[in-house]
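Coordinate analysis (summary)
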Amino acid sequence: MVILKSSEVGNPIKGKFLYRKNRFVGVCSVNGEITHCHISDTGRLKEILTEGRDILLLRNKEQNKTPYKLLAAKMEEGFILVNTSIHSKIAKRIIQAGFLGFNPQKIKSEVKYKDSRIDFLIDDNLYIELKGCNLKIGDVCYFPDAPTERGLKHLKHLLELKRQGFDAAIMVLSLRDCDKFLPNFETDKAFSKTFAEVISEGVKFYGFKVKFDDNYNIVYNGKLEVDKTLWTLLKKYST
């Protein structure tokens, strides 16, 4: 199933990644010319943004600081999305298509709760926080690949909402072709332990995979489940 048509994504331009100048700017080459691209994903991406990596770029508007913005990088499974600015649009399409197990009547985006904004409120009852995942080790995808105080706060807010009587869920959008999902205990123990806590208290987990097809459409690539070793890891890192 096509989630976003290539015309909605943009007109990809092929290039080579050279190095990351800082969190938001990468140095790359297009047709042999050295140039710069904006990187919207502030994760470490150490295994993805390596020298000589084939990438897809989108041309920026003239007033932008960089000529291009980074769209995707080529890994063993093909081009994978590394542009967080369209995660929400992809997730909304998945929700609208009924992949949560029902067809929602109302979807609100960026709903204010305390000092946060929760990504979605479905039918005035189900709060969903979205996380994009592109770190893959073996057949497992992990989040986060860098410590995230913001992500930890979102988990705590989901649990508060659940205790208030609302439905709450964390939705992981995997951009890699992996079989299972785990929180990254080694990188962020606080987030990972809280993830396990909120799941044990009834916060739902929705996991979905997406990929680029040969025409650069973003397509649905199956469901993602939490790996059963979560509880073994929780015990290990709680000592």
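So, here is what we can say about the structure in this document.

Backbone-to-backbone hydrogen bonds join strands into a sheet, with any given pair of strands oriented parallel or antiparallel. Pairing is mixed in the open sheet, where 4 strands are placed in the order 11-12-14-17. The two strands at the open ends of the sheet, each matched to only one other strand, are strand 11 (135-137) and strand 17 (225-226). Pairing of strand 14 (residues 180-183) with strand 17, which is carried by 2 bridges, proceeds in the parallel orientation. What sits directly across from Phe-181, in strand 17, is Val-226. In the packing of helix 4 (residues 189-200) onto the sheet, contacts are made with strand 12 (140-143), strand 14 and strand 17, and the angle to strand 14 comes to roughly 120°.

So, on to the pairing of strand 7 (residues 78-81). Direction of pairing for strand 6 (residues 68-75) relative to strand 7: antiparallel, over a ladder of 4 bridges. Its bridge partner lying in strand 7, Lys-74 is registered against Phe-79. Following strand 6, the chain reverses through 2 residues before pairing antiparallel with strand 7.

This brings us to unusual backbone geometry. Put simply, Phe-143 and Pro-144 share a cis peptide bond, and its omega is -5°. Examined against the element boundaries, Pro-144 turns out to sit in the loop between strand 12 and helix 3 (149-163). With a phi close to 60°, Asp-124 is a non-glycine residue in the positive phi region. Mapped onto the fold, Asp-124 is located in the loop between strand 9 (116-122) and strand 10 (126-133). For Asp-124, a relative accessible area of 38% translates into the label partly exposed.

Another aspect to go through is the pairing of strand 8 (residues 107-113). Sheet topology places strand 8 next to strand 9; 6 bridges connect them, and they run antiparallel. When the bridges of strand 9 are listed, Lys-108 appears paired with Leu-121.

By the definition in use, this model includes 1 disulfide. Across a sulfur-sulfur distance of 1.9 Å, Cys-141 and Cys-178 are joined as a disulfide pair. An S-S torsion of about -110° defines the bridge between Cys-141 and Cys-178 as left-handed. Taken together, the positions of Cys-141 in strand 12 and Cys-178 in the loop between strand 13 (167-174) and strand 14 put the pair 37 residues apart, joining distant regions of the chain. Residue Cys-141 shares its accessibility class with Cys-178, and that shared class is buried. There is no disulfide at Cys-37, and the cysteine sulfur nearest it, in Cys-28, is 4.0 Å away. Judged by relative accessible area, which is 0%, Cys-37 ranks as buried. Take Cys-133: it sits in no disulfide, and the sulfur closest to it among the cysteines is that of Cys-141, at 4.5 Å.

Rules behind the numbers
- Residues numbered from 1 in each chain as written.
- Predicted model: local features only at pLDDT ≥ 70, side-chain atom pairs only at ≥ 80, totals over all residues.
- Heavy atoms only, no water.
- Pairing = 2+ DSSP bridges.
- Helix = DSSP H or I, 4+ residues; strand = E, 2+ residues; numbered from the N terminus.
- Contact = heavy atoms within 4.5 Å.
- Axes fitted to C-alpha atoms, helices over the stretch in contact; angles between N-to-C directions.
- Buried < 20%, exposed > 50% of the residue type's maximum accessible area, 1.4 Å probe, protein only.
- Disulfide = S-S within 2.5 Å.

The values are spatial; any link to function lies outside them.
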